[in-house]
Amino acid sequence: MMKEQFGMENEHRRFMATALKEAMTASRRDEVPVGAVIVKGGAIIARAHNQIEMLQDPTAHAEILAIGAAANHLGSRRLEGCTIYVTLEPCPMCAGALVLSRIDRIVFGSFDPKMGACSTLYNIVQDDRLNHRIEVIAGVMDAESSSLLKEFFARKREQ
């Protein structure tokens, strides 16, 4: 049991590291540094980062873009058997989209005290009133995710 748990922890860190690379890409493009990857069967099937400024689209969050790419890859709107790794706790919009996608699991890095909808402010993804609930694993590589966000906003304040 402990060996299996350790293996899962390593897997979560490996995929979160890829999500962090996406977040770094967002930061270099002057976007809030959030990255996401969607995994099925141990393979990444979608990856994305925030593109709100570039696309001038308030819905262009990393999670929304990754959901669209994964659905396109699978040829299905249902992401059953998939896990999303995202560097920041999803907001209400993204949490709702993840419920609608029927994704199995969310693994996120940093908690979001202003918009978090997977435990911090709301828990949309595990609400018993909805017809689908998602397993949540929080705090994976939190320090790295949090540091990237803090550095980004410190640069913004300096400008």
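In this text, all values refer to a predicted model and were calculated from it rather than measured experimentally.

Re the pairing of strand β1 (residues 35-40)
Next up, step 1: Across the six residues of β1, five count as buried, placing the element largely inside the fold.
Next up, step 2: Sheet analysis places β1 next to strand β2 (residues 43-49), joined by six bridges and oriented antiparallel. Opposite Val 37, over in β2, you have Arg 47 as the bridge partner.
Next up, step 3: Once β1 ends, the chain turns through two residues before running back antiparallel as β2, passing Gly 41 with a positive phi of about 60°.
Next up, step 4: Pairing of β1 with strand β3 (residues 82-88) involves five bridges; the strand directions are antiparallel. Bridging across to β3, Lys 40 finds its partner in Cys 82.

Focus: the side chain of Thr 18
Next up, step 1: Along the polypeptide, Thr 18 turns up in helix α1 (residues 2-28).
Next up, step 2: Beyond its immediate stretch of four places on either side in the chain, Thr 18 contacts Val 37, Ile 44 and Arg 47.

The rules we used
- Residues numbered from 1 in each chain as written.
- Predicted model: local features only at pLDDT ≥ 70, side-chain atom pairs only at ≥ 80, totals over all residues.
- Heavy atoms only, no water.
- Buried < 20%, exposed > 50% of the residue type's maximum accessible area, 1.4 Å probe, protein only.
- Helix = DSSP H or I, 4+ residues; strand = E, 2+ residues; numbered from the N terminus.
- Pairing = 2+ DSSP bridges.
- Contact = heavy atoms within 4.5 Å.

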